[in-house]
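Observations on the model geometry
Residue-level listing of the chains:
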Amino acid sequence: MKTKTKYFKASIISVLLFLFHITLSINAQTFDGNISIPSGNGNGSFYGDISTAGNFVFFYSADSITAYSAANGNYITSFAFPEGNNYGKYNPIFYNERYWLCDINVYGSSGVYIYNPQTEELLSINEDGQQQNDIDVPVGDCIYNPYQNHFLISENASFDDRAASVRVINNDASNTFITNIELIDSAENNAYYAKRMFIAPNGKLYVAANMRHNISNTPKIFVFEAKESGPALYSLIKVIDVGNMIPLGYNGIFEFYSAYFCFNPSDQSVYMTIHPTENIIDPYNSVPNTIFDSINSYTENNGFLVRISENSSSKTALNYPGKILCPSAMGANTNSRFSNKMYIIGNNFYEVEPGSSSELSVNSGSGECFNDITYSPKDDRIYCLRDDSLSKATHRGINVYCIDTLNDFYSFNNIHTIEGQATSLFNNPYDSKLYIHQKTDENKLGDTPVRLVSLDYNPENQVLHVDSISFEMASIYPEVDHNGDFRFYLYNTTSSVIDPYSNTMYIPNGGHSCVSKVSFTPYEPLFLEEGGWTWLSFPRMIRNFNDAVLIPDVLNDNIEPDNYQDSSKLQNLELGTPNIIESLYSIDYGWNTAGQLDSVRSTYGYKLYLKYNSPPDNNILFLESNLYDHFNPNCNNCTLDLVGADKYWVGYYYPISQNIIDAIPDEIEPSISVIKGQYFTCYGAPQSDGSVQWNCAINKRGTIINYGDMVEIIPVTGDSITNFYWTINNNSPTDQEKAETEYYDYTETSDYTPIFIELDTTDNPLEIGAFVNDSCIGASTVLPEDSVVLVPAYSDSLNGEIYFEEYYGTQKSNQPPITEYYVTNTETRIREKRLIHTREQQDYYIVSFRNTKTPEKEEAAEDVWIKCRPNPLRSNGTISCYVPDDGFAEIMLYNIMGTRQLVIHSGLLNTGMHDFTFSTKDISGMTLSNGTYILLLKSAEFQIQTKIVIIQ
């Protein structure tokens, strides 16, 4: 049974912007005042970030932590830090619903503090009674490992007698020390100055070390296992030596290195950029300086892009590479112009295409350099911020660019310019706007208050709406920006926190001991399926908790484009009954509220069909008002009783993405038979220990459930599910996608019957189609590594037997229809040679194209064979094989590169069928990474292999 930590993190999901014509609009934001942090000197003691937890917001400054209610901004309490820590960058880390962790990231002093808002206690881990927790060196980074429920703290310092390490502390009330991860490479060389860390969705920990320049000890990337437990906890996988990036003569100018990470789902690789950081004044030595090219004569490449895949690594020299962006990890669709690619800012604007021969494609001669970058899935555009410091002698300019493509040519459109300097460019995913935090005016004298500027941009017609809010205070240290010495350039960036439940932004004013609180009006985009049905829910509405809301209040004026036609409809499966109810749309009268369906709830699932004369490429439903807050103790109908019917439509309301199985509470799993999403289905197989083995397959997209989705839940026959709810699992999800079928065409309706097809994996087709009476009722593409394919059968209006066709890239007539196959009886698990008839209306079918007619457990064969059940598998499975003669045989697992990962059996096997329990651990006990593996059965007389896929 999988392990889940009951942990909630209000994730800031991928941002969606509206950002050449400028018009003024009504201010949709409200400045709620600057929240002063007690004990601050008001002249620059606050350099940190801020975070939220439940109903509290916490601000970290150099000398205090202050808590305010996120609901009304009322002051609660403040806590002073010990003397001597008067400067610092605080990096707050989510601990759980009760705790927060922050580190003081400065050169020469440090500390790590934990605050418990329930008991109003502030605790230094140096005073928690556990000496092994004590931190007496500068902290490079603090991150949370969701796979193990641990905090990781890196040491940004040098040592005479040991290497730097990463401190591991458990997420519990006593801050239990777990271990120190020593940064020692395979040649027994010590590493120092550990800074940026990254936990990737592949279950690996990446640590950048040797981040202070030393020609004899160059930067290294340490890669550890982050998901494993037991004796092999955080075992070292590999060390990558990045190499020297500072030519002779520049050693005194560049002292530190700065790094950025991202994960690209398209090739399951981690990418890191690294560049030297100019030596600036204390206490900012550990803070990257983002002003580029201060030394005009230094123009050669002075940084690297590093790609770290499962079995290899590579690096490419770049000119001062900064932040790296992976749009595919930020909500980019597969048909996006930016999908699968990566973008890097620095002294140039770089585009990276994984898998290309050169791996790097630089936009031709653009010379574009930027300070910040973000991606908008809504606009399918990249937006960048440039700080203009070189062309202005006495002041700076803030320039915002929209990056677009036309026939693979990149255009850089300057959509807005402000005189002054910004600390950050950020997106608010909940109101679809881009924000600039402007810290100085054009003269940098502190005469003009700091302000927040919002940009609402439409890239199609190039219309820009601009609003601004004054924060009623002056800016940070304006005099240092006039100094010609590069060491006094300080472009400090800050990170805002956006609370989706209170619709509030908290903006840390870098260099001030205060935080500005800004309320915003939500207008959150929810993407609909192109030209068809969308299975969805409504997490954000104008309502009291989960009270019903009339359909016109949710759909009228909130759909773009709005020229949908008569016969558009919204459906719901009435809770506890077999009845589907619906509301129809009329151009003359709008959404019908007098019919069967007149209102919606956040916990219910719905199916929306919008009929267009000319279907748009993209259509969006905008959500308004309050997010469904199931944490509120006064919440009505916060759980569902799935009683009285054989299936239920359930809405998903968390603003984070999860694997569907991770989102189901452990105690509820045994009562669920089938979970069906719009493009995936999972059926459960009960195990002897009471757990459930889930078997999932996908059609177009994987088994990730996203904010605003819905699923159909089918309970086990005879079981009732009371108080159904969603849970939050710490696992970072990875997903798969499949291309649309090109050969077989079919029409998606509101529902489908899932058919799992077990393939003869010796020769996979490109596509499989299901047919009734010569009509294609559903199809799926087939990947080379697939052993099971989900074909959705949209067969409601057809009556007849289902047969299949396979397409191999040749003419259809060359491949005869498959009119004989085996269907697994879902009760007896015995395979029956027969055809499926549409009137059977089972919840799902398991079909095999393999040439066998005996039950899987009793399968007999004259020839040797081996297979894995399930396949793909998540954790544990069963290896079954048949050997025709007695003798010595071996069963081994290899990765796709041919490296042996595991010996499953080595010894005598008698004639007949054998089963072996299989766990996704390699020879050393480490968890195997997601991917395709080769399962090999061999002896002196035979050798046979098959592919299996691990998805965790």
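Looking at the overall build of the protein
Summing up its helical and strand segments, the protein has one helix and 74 strands in all. Residues classed as buried in the protein amount to 60% of the 952 residues present. Approximately 37400 Å² of the protein is accessible, and the part contributed by carbon and sulfur atoms is 45%.

With respect to the side chain of Asn-428
Relative to the elements of secondary structure, Asn-428 occurs in strand β31 (residues 421-428). Among the polar contacts listed, one links the side chain of Asn-428 to the backbone nitrogen of Tyr-430, at a separation of 2.8 Å.

Points about the sheet that holds strand β18 (residues 236-241)
Taking strand neighbours across the sheet as the criterion, the four strands line up as β15-β16-β17-β18 in an open arrangement whose pairing is antiparallel. If you trace the sheet from one side to the other, it starts and ends with β15 (197-199) and β18, each paired once. Direction aside, neighbouring strands of the sheet carry axes that sit 15° apart on average. Where strand β16 (residues 204-209) lies against strand β17 (residues 220-225), six bridges are found, and the strand directions are antiparallel. What sits directly across from Ala-209, in β17, is Lys-220.

Looking at the sheet that holds strand β12 (residues 150-155)
Through backbone hydrogen bonds, the strands of a sheet pair up, either in parallel or in antiparallel fashion. Spatially, the four strands line up as an open sheet ordered β11-β12-β13-β14, and their pairing is antiparallel. Every other strand in the sheet has two partners, leaving β11 (139-145) and β14 (177-182) as the edge strands with one partner each. Each adjacent strand pair in this sheet contributes to an overall mean axis angle of 20°, direction not counted. Sheet analysis places β12 next to strand β13 (residues 165-170), joined by five bridges and oriented antiparallel. By the bridge assignment, Ile-153 is partnered in β13 with Arg-167.

So, the state of the cysteines
For the structure on display, the rule yields two disulfides. The partner cysteine of Cys-682 in its disulfide is Cys-696, sulfur to sulfur 2.1 Å. Around the S-S axis, the bridge from Cys-682 to Cys-696 shows a dihedral of about 115° and counts as right-handed. Here Cys-682, found in strand β54 (residues 680-686), pairs with Cys-696, found in strand β55 (residues 692-698); they are 14 residues apart in sequence, far enough to count as distant.

Considerations on the nonpolar core
Membership of the largest hydrophobic core comes to 57 residues, with the highest contact counts inside it found for Phe-538, Leu-555, Leu-570, Phe-724 and Trp-726. In contact with Leu-570, other than residues within four places in its own chain, are Phe-538, Ile-551, Leu-555, Ile-581, Glu-582, Ser-583, Trp-591, Leu-597, Val-600, Tyr-606, Lys-607 and Leu-608.

A closer look at the pattern of salt bridges
Side chains bearing opposite charge may pair, as long as their charged atoms lie close to each other. Taken as a whole and judged by the stated rule, the model has 25 salt bridges. Residue Glu-524 is joined to Arg-540 by a salt bridge in which the shortest nitrogen-to-oxygen separation is 2.8 Å. Taken together, the residues Glu-524 in strand β38 (residues 523-527) and Arg-540 in strand β40 (residues 540-541) connect sequence positions 16 residues apart. Looking at Glu-524, the relative accessible area reads 1%, which means it is buried. Residue Lys-607 is joined to Asp-751 by a salt bridge in which the shortest nitrogen-to-oxygen separation is 3.7 Å.

Topic: the environment of Phe-622
Examined against the element boundaries, Phe-622 turns out to sit in strand β48 (residues 620-624). Separated by 192 residues in the primary sequence, Phe-622 and Tyr-430 place their C-alpha atoms 9.6 Å from one another.

A closer look at the packing of aromatic side chains
Taken as a whole and assessed by the stated rule, the structure comprises 38 aromatic pairs. With a centroid separation of 5.3 Å and an interplanar angle of 50°, the aromatic rings of Tyr-585 and Trp-591 are classed as tilted. Its guanidinium or amino end placed over the ring of Tyr-260, Arg-196 lies 5.1 Å from that ring's centre, counting from NZ or CZ. Cation over ring: Lys-607 sits above Trp-535, and NZ or CZ is 4.0 Å from the ring centre.

Description of the pairing of strand β73 (residues 931-939)
With seven bridges connecting them, strand β70 (residues 887-895) and β73 associate as antiparallel partners. Its bridge partner being in β73, Asn-895 is matched across the sheet by Tyr-933. Note: β73 against strand β74 (residues 943-950), eight bridges, orientation antiparallel. Paired with Ile-934 across the strands is Lys-947, a residue of β74. Counting the residues in the hairpin turn of β73 and β74 gives three residues.

Here we look at unusual backbone geometry
Geometrically, the link from Glu-560 to Pro-561 is a cis peptide bond, its omega value of -5° lying close to zero. Its place among the elements puts Pro-561 in the loop between β42 (559-560) and β43 (569-573). Between Arg-869 and the following residue, Pro-870, the backbone shows a cis peptide bond with an omega angle of -10°. One non-glycine residue, Asn-340, lies in positive phi territory at about 75°. For Asn-340, the location among the structural elements is in the loop between β23 (324-325) and β24 (342-344). In this structure Asn-340 comes out as partly exposed when scored by relative accessible area, which is 37%.

Some remarks on the confidence of the model for the protein
The predicted coordinates of low-pLDDT regions are not to be read in fine detail. When pLDDT is averaged along the protein, the result is 77; 75% of the residues meet or exceed 70. Contacts of residues 1-27 to residues separated by more than four positions or lying in other chains number 120 contacts, the stretch itself having pLDDT below 50. With pLDDT under 50 throughout, residues 852-861 is counted as low confidence; its partners more than four residues away or in other chains account for 23 contacts.

Considering the environment of Gln-943
Positionally, Gln-943 belongs in strand β74. Gln-943 sits in the exposed class, given a relative accessible area of 58%. A sequence separation of 52 residues divides Gln-943 from Ile-891, and the C-alpha atoms of the two residues are 10.0 Å apart. Leaving out residues up to four positions away in the same chain, Gln-943 has contacts with Leu-936, Leu-937 and Lys-938.

Conventions used here
- Residues numbered from 1 in each chain as written.
- Predicted model: local features only at pLDDT ≥ 70, side-chain atom pairs only at ≥ 80, totals over all residues.
- Heavy atoms only, no water.
- Helix = DSSP H or I, 4+ residues; strand = E, 2+ residues; numbered from the N terminus.
- Buried < 20%, exposed > 50% of the residue type's maximum accessible area, 1.4 Å probe, protein only.
- Areas by Shrake-Rupley, 256 points an atom, 1.4 Å probe, with all protein chains shown as cover.
- Polar contact = N/O pair within 3.5 Å; in protein donor to acceptor, adjacent residues only side chain to side chain.
- Pairing = 2+ DSSP bridges.
- Axes fitted to C-alpha atoms, helices over the stretch in contact; angles between N-to-C directions.
- Disulfide = S-S within 2.5 Å.
- Core = buried A, V, L, I, M, F, W, Y, C linked by side-chain atoms within 4.5 Å.
- Contact = heavy atoms within 4.5 Å.
- Salt bridge = Lys/Arg side-chain N within 4 Å of Asp/Glu carboxyl O.
- Phe/Tyr/Trp six-rings, centres within 6.5 Å; stacked < 30°, edge-to-face > 60°.
- Lys NZ or Arg CZ within 6 Å of the ring centre and 35° of its normal.
- pLDDT = per-residue confidence, 0-100.

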